[in-house]
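Okay, here's what each chain looks like letter by letter:
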Amino acid sequence: MAEYTHGQHPSVTLSYLWRNAENSTAYALGEMSPGRSLLDVGCGPGSITADLARRVAPGRITAVDASPEAVDQARANAEEAGAENIDFLVGDVHDLDLPDDTFDVVHAHQVLQHVADPVRALAEMRRVARPGGVVAACDSDYSAMHWYPRLPELDSWMDLYQKVARANGGEPDAGRHMLAWAHAAGFEDVTYTAEVWNHSAPDRRSWWGGMWSRRILESTMGRRAVEKGIASQADLEWISAGWQRWSEHPDGVFVIPRGAILCRVS
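Residues numbered from 1 in each chain as written. Predicted model: local features only at pLDDT ≥ 70, side-chain atom pairs only at ≥ 80, totals over all residues. Heavy atoms only, no water.

Participant: Account for the overall build of the protein, naming residues and giving values.
Facilitator: Counting its regular elements, the protein contains 10 helices and 8 strands. Rg of the C-alpha trace for the protein: 18 Å, near the compact-globule value of 18 Å for 266 residues, within the 12% margin. Taking the principal axes of the C-alpha coordinates as reference, the protein spans close to 50 × 40 × 30 Å. Put simply, the protein has 266 residues, and 56% of those count as buried. For the protein, long-range pairs separated by at least 24 residues make up 78% of all intrachain contacts whose partners lie at least 6 apart in sequence. Here the protein has roughly 10,900 Å² of accessible surface; of this, 50% comes from carbon and sulfur atoms. Counting 24 positive and 37 negative side-chain charges, the protein places the averaged centre of each group 2 Å from the other. (Helix = DSSP H or I, 4+ residues; strand = E, 2+ residues; numbered from the N terminus. Rg over C-alpha atoms; globule rule 2.2 N^0.38 Å. Buried < 20%, exposed > 50% of the residue type's maximum accessible area, 1.4 Å probe, protein only. Contact = heavy atoms within 4.5 Å. Areas by Shrake-Rupley, 256 points an atom, 1.4 Å probe, with all protein chains shown as cover. Lys, Arg positive; Asp, Glu negative; His and termini not counted. Charge placed at Lys NZ, Arg CZ, Asp CG, Glu CD.)

So, in structure tokens, the structure goes:
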């Protein structure tokens, strides 16, 4: 695995809890039907996992993440949500400790941008999917993100993120690579769609900008940027203030394009 750029600081993991099946897996919801078995790769704190568990019940979900801390969080959140049809594993998507042809649906959300070998990861996801099943994956495309006003602090944030993510062995522009990666992994029947997250409404703008103003200072990403000589602490504080300034701008817009693939297994 490549190093997970964001890390597991609460400023990161708590921000993921707004994600659910509807806002993060819309392209694949038609596959999440009752009774199907599902593998959720890179489950993180598990908000999507718990939502999918309700949709596939009485089918079971296996949730796997490389971080034991994330798996513990996902287990606790599932218990709080009353989702009892989830099994949890710590594991590496490049080498899943699971048998061939096991799951009707294999799902990965915001995972392939962080792994060392996304083609191998997709091939491994294909291995554990049953014939007639699907592999569904969606990732952001950082270079395609756009915002207004075009503050220099946010330009610097993007440059910093790109450098740290690539130094960690990831591909921050994964969204545009998804179809090519799927074909390279051996899939022939692949549907590519584009989705967006839109953080431009006043409440979303306040939350998104406020979250990043803290996250750039508190998360692993900022610390790694300083350690690698990509930025100074003063740079991080300047970027943080810029995020806060953006969040308070009445015309503020922030859009995140996402590339999604639905791969049918023959």
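Now, onward.
Participant: Give me the pattern of salt bridges: which residues, what numbers.
Facilitator: Applying the stated criterion across every chain, the model contains 18 salt bridges. The residue R150 makes a salt bridge to D155 at a minimum N-O spacing of 2.5 Å. Overall, the relative accessible area of 29% leaves D155 in the partly exposed class. The residue R166 makes a salt bridge to E171 at a minimum N-O spacing of 3.0 Å. For R166, a relative accessible area of 38% corresponds to the partly exposed category. Sharing partners across several salt bridges, the network here consists of E31, R36 and R264. (Salt bridge = Lys/Arg side-chain N within 4 Å of Asp/Glu carboxyl O.)

Participant: Can you break down the packing of aromatic side chains residue by residue, with the values?
Facilitator: Between two aromatic rings, the relevant description is the distance of the centres plus the angle of the planes. In the structure shown here, the tally under the stated rule is 16 aromatic pairs. Centroid distance W18 to W207: 5.8 Å. Interplanar angle 65 degrees. Geometry classified as edge-to-face. Taken together, the positions of W18 in the loop between α1 (10–13) and α2 (21–24) and W207 in helix α8 (residues 202–218) put the pair 189 residues apart, joining distant regions of the chain. The class for W207 is partly exposed, based on a relative accessible area of 26%. A ring pair is formed by W147 and W157, whose centres lie 6.2 Å apart and whose planes are at 75 degrees; its orientation type is edge-to-face. (Phe/Tyr/Trp six-rings, centres within 6.5 Å; stacked < 30°, edge-to-face > 60°.)

Participant: Before we move on, could you go through unusual backbone geometry and cite the residues and values that matter?
Facilitator: Glycine aside, a negative phi is what most residues show, and trans is what most peptide bonds show. Put simply, A57 and P58 share a cis peptide bond, and its omega is 10 degrees. Residue position: P58 is located in the loop between α3 (47–56) and β2 (61–65). At the junction of Y148 and P149, the peptide bond is cis and its omega measures out at -5 degrees in the coordinates. Within the fold, P149 resides in the loop between β6 (146–148) and α6 (152–167). With a phi angle near 55 degrees, D101 is a residue other than glycine that sits in the positive phi range. Owing to a relative accessible area of 43%, D101 belongs among the partly exposed residues under this scheme. One non-glycine residue with positive phi stands out, namely Q110, at about 55 degrees.

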